[in-house]
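Residues per chain, in single letters:
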Amino acid sequence: MEEAAPLPDGIELAKEVAQDPEAPDWPPTGPVRRRRFGSYEESDESVFLSTRQAAALNPAIVSTHPPLAGPITGIDMDTGQPVSTDPHELYDQRRITSPNVVVLGDISSGKSSLVKTQYCIRAVALGRQVAVFDRKDQQGRGEYVRAAEVCKAPVIRFARSGGTSINLLDPRISATSLDDTGDERVGQDRLLLMVAEHAHGRLSSTEFYALRVAHRAALERARQADRVATLHDVVDALYAPGPSAVPRAHLADRNIVTTDRVTEWGLELAMDLERFIDGDLSGLIDRETSADLDLEAPLLVFDTSALPEESPALALVMALVSSFLTAVWAHRPGRRIIILEEGYHTTRLQSPGTTSVATILRSLAKRGRGIGLSFVTVIHHISDVPPGSDAMSLVREADVIHIYQQSRADDAREAIEQFRLPSRLYDTLGSLAKGCHILRIGTEAPRRVRHIRTGLEVWMTDTDEAMTGRRVAGPEGMSA
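Described in the following lines is the structure provided in the data block. For clarity, every value in this text was computed on a predicted model and none was experimentally measured. Sequence order sets the numbering: in each chain, residues are counted from 1 along the sequence as written. Totals for whole chains, interfaces and linings use every residue, but because this is a predicted model, local features are given only for residues with pLDDT of at least 70 and side-chain atom pairs only at 80 or more, for both listing and counting. Heavy atoms throughout the structure, all of them, feed into the side-chain values; hydrogens and water do not.

Turning next to the sheet that holds strand 10 (residues 373–379). The mixed open sheet is built from 11 strands, whose spatial order is 4-3-13-12-11-5-10-9-6-8-7. Both edges of this open sheet fall to strand 4 (82–84) and strand 7 (155–157), since each of them pairs with a single strand only. Between one strand axis and the next, the sheet turns by 25° as a mean value, whatever way the strands run. Only when DSSP finds a minimum of two bridges between them are two strands counted as paired. Secondary structure elements are defined from DSSP: runs of H or I of at least 4 residues count as helices, runs of E of at least 2 residues count as strands, and each element is numbered from the N terminus. For strand 6 (residues 129–134) and strand 9 (residues 336–340), the ladder comprises five bridges, and the chain directions are parallel. Across the sheet, the residue bridging to Ala131 is Ile338, located in strand 9. Most of the contacts of helix 12 (residues 312–329) go to strand 6, to which it runs at about 170°, and overall it touches strand 6, strand 8 (299–303), strand 9 and strand 10. Angular values range over 0 to 180 degrees, each being the angle between N-to-C directions of two axes fitted as lines to C-alpha atoms, with helices fitted over their stretch in contact. Whether two residues are in contact is decided by their heavy atoms, any of which lying within 4.5 Å being enough.

Another point: the side chain of Thr117. Tracing the chain through its elements places Thr117 in helix 5 (residues 111–125). A residue is classified by how much of its surface remains accessible, and Thr117, at 0% relative accessible area, is buried. Here a polar contact means two N or O atoms within 3.5 Å. Within protein one must be a hydrogen donor candidate and the other an acceptor candidate, and residues neighboring in sequence count only if both atoms are side-chain atoms. Within polar-contact distance, the side chain of Thr117 engages the side chain of His451 at 2.9 Å. For Thr117, the contacting residues outside a window of four places in its chain are Arg122, Ala123, His451, Arg453, Glu457, Met460 and Thr461. To sort residues, take the accessible area from a 1.4 Å probe on protein chains only and compare it with the maximum for the residue type: under 20% means buried, over 50% means exposed, and anything in between is partly exposed.

What follows concerns the side chain of Arg362. Tracing the chain through its elements places Arg362 in helix 13 (residues 357–366). A polar contact is formed between the side chain of Arg362 and the side chain of Glu397, at a distance of 2.6 Å. Discounting residues that sit within four places of it in the chain, Arg362 has contacts with Asp390, Ser393, Leu394 and Glu397.

The next subject is the nonpolar core. In terms of nonpolar packing, the biggest core is built from 74 residues, with Phe158 and Phe302 touching the most fellow members. Ranked by residues supplied to this core, first place goes to helix 12 with 14 residues. Apart from residues lying up to four places away in sequence, Phe158 is in contact with Thr164, Ile166, Leu284, Phe302, Asp303, Thr304, Ala306, Leu307, Val317 and Val321. Residues enter a nonpolar core if they are buried and are Ala, Val, Leu, Ile, Met, Phe, Trp, Tyr or Cys, with the set joined through side-chain atoms within 4.5 Å. Counting 34 residues, the second-largest nonpolar core is a separate cluster that includes Ala123, Leu299, Tyr404 and Trp459.

On to helix 8 (residues 205–224), then. With 20 residues, helix 8 ought to run about 28 Å at 1.5 Å a step, and its terminal C-alpha atoms sit 29 Å apart, in line with that. After helix 8 finishes, the residue Asp226 shows a positive phi value of roughly 55°. Each residue after the first adds 1.5 Å to the expected span of a helix.

The description of two packed helices rests on the angle between their axes and on the distance between the axes. Contact geometry for helix 9 (residues 231–239) and helix 11 (residues 259–278): axes closest at 8 Å, N-to-C directions at 150°. The angle between helix 9 and helix 11 places the two elements in the roughly antiparallel class. You can see that helix 9 and helix 11 cross each other, and the crossing is left-handed. The residues of helix 11 that touch helix 9, namely those facing Leu231, His232, Val235, Leu238 and Tyr239, are Thr263, Gly266, Leu267, Leu269, Ala270, Met271, Leu273, Glu274, Ile277 and Asp278. Class assignment for the residues of the contact of helix 9 with helix 11 results in 10 nonpolar, three polar and two charged. Relative orientations are named as follows: roughly parallel for angles under 35 degrees, roughly antiparallel for angles over 145 degrees, roughly perpendicular for angles from 65 to 115 degrees, and oblique for any other angle. The crossing is said to be left-handed when, going from far helix to near helix, the turn is anticlockwise and less than a right angle, and right-handed when the turn is clockwise. Under the scheme applied here, ten amino acids are nonpolar (Ala, Val, Leu, Ile, Met, Phe, Trp, Tyr, Cys and Pro), four are charged (Asp, Glu, Lys and Arg), and all others, including Gly, are polar.

Turning our attention to the pattern of salt bridges. Between side chains of opposite charge, pairing is possible as soon as their charged atoms come close. Salt-bridge detection follows one rule: a side-chain nitrogen of Lys or Arg within 4 Å of a carboxyl oxygen of Asp or Glu. If you walk through the whole model with that rule in mind, you get 17 salt bridges. Arg172 is the partner of Asp170 in a salt bridge, and the nearest nitrogen-oxygen pair spans 3.1 Å. Between Arg362 and Glu397 there is a salt bridge, and its shortest N-O distance comes to 2.6 Å. On the criterion of sequence distance, the pair formed by Arg362 in helix 13 and Glu397 in the loop between helix 14 (390–396) and strand 11 (400–403) is long-range, its members being 35 residues apart. Taking relative accessible area as the criterion, Glu397 reaches 33% and is therefore assigned partly exposed. In this structure, a network of salt bridges that share partners links the residues Asp86, Glu89, Arg128 and Arg335.

The element strand 9 is largely enclosed, with a buried count of five among its five residues. The alternating pattern of strand 9 places Arg336, Ile338 and Leu340 on one face and Ile337 and Ile339 on the opposite face, and all of these are buried. Direction of pairing for strand 9 relative to strand 10: parallel, over a ladder of five bridges. Pairing of Ile339 across the sheet is with Val376, part of strand 10.

Right, let's talk about the pairing of strand 8 for a bit. By the criterion of burial, strand 8 is predominantly enclosed, with five of the five residues buried. The alternating pattern of strand 8 places Leu299, Val301 and Asp303 and Leu300 and Phe302 on opposite faces, both of which are buried. Bridge count between strand 6 and strand 8: five bridges; the pairing is parallel. By the bridge assignment for strand 8, Val130 is matched with Leu299.

This part is about the packing of aromatic side chains. Planes of paired rings set the category: under 30 degrees apart is stacked, over 60 is edge-to-face and the rest tilted, where pairs are Phe, Tyr or Trp rings (Trp by its six-membered ring) whose centres lie within 6.5 Å. In the structure shown here, the tally under the stated rule is three aromatic pairs. Judged by centre distance (5.8 Å) and plane angle (25°), the ring pair of Phe133 and Phe302 falls under stacked. Residue Phe133 is located in strand 6, and its partner Phe302 is located in strand 8; the two are separated by 169 residues in the primary sequence. Each member of the pair, Phe133 together with Phe302, is buried. Note on Phe158 and Phe302: the rings are 6.1 Å apart at their centroids and 35° apart in plane angle, and the pair reads as tilted. Placement of the pair is Phe158 in the loop between strand 7 and helix 7 (188–200) and Phe302 in strand 8, with a sequence separation of 144 residues. A relative accessible area of 1% places Phe158 in the buried class.

See below:
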């Protein structure tokens, strides 16, 4: 077997090629430029690079890109880098101080698709427990039916008849709004006051006293009967207070305050409260909590689409369910998210001098970090929320902001001012394409982000079937 000839020396080979008359006529090399960081030769030819190689061409961008925080939300439209926005991870990275999120934008701008994916099914995949107030009616059912099917979770439907009920006096909700350390929380007494004020108006001192002793009597009578108290027990106690309802024994002895007098204090309140719970709130919060309510499910979809738009029941259910969940979660470790779709409903029942639903939710949000809770509030425009209200405080105190298209000039201007965005983004907010938004995380510079979805998520977030008549084909095994 012959040995292979040795390879020619590199220099000699170059000389041989240069002297070959059939060698190609190579173009002359470009001029050598000298710059601050060295010399380089210009080239007119395009060069194809892999993404790993190209990263070295943008050292400034690569080195300043923040770390990923959970699943990828989308792509930075200016750098091409992935962006992630999980509030718990961002808080753990100390990039935000509040775990709450606000998503706003015009109708059909893509904000609900972001929430259903990033803050719902992707959060569930991370091990979070998610609760959603599903407000939008989609051909007789809520918008999150497909998300519930993907997560194999039940849909909890609230309706005036045949729906789920959550008891305002459920023993899992603390009877009082002060815990053992004196810190304020949302207890039965505060929720009961909110319902009473919206049924009757602002309470006088004697009416407030009558309600407080009726609450206490209702709990005691139910305990003696070995059952759970309901709002009807409070109404009964207002109509027929016992001897213990008199503020002081010596007042009864001197016939200054009797049980008849206490009955007078609470009589009109009892009548208004009875009318309220037999009317707008019938079957929603006046019965024992439904036994089939699975609080261990990774996704809890509370379908409120059947409740009338202008009914106080909608906002009261949001406040009660949020309080109920946080009371239960306070005794269980974990990371949670509550999604308030159509969050402007929290501004309902904002009567002067009464406890608003937004006030209740803001109190829960303040205690959220202690139980691993993040609130995600979805609205259309800043103008949907009254300035100076507790609902506006919920928006203002959020540290993760997604702003989709704001086509009206006033809405874009308000968003710029409210979230302290650079004025150069004014025109951008008015022309954002569907699925694209401005993202602001904590004190970081705002970024233009394009939300990305998988094929499953495209099917899950499709809500145009009623308008287009076209149905997006779902994955095998999905029926919704």
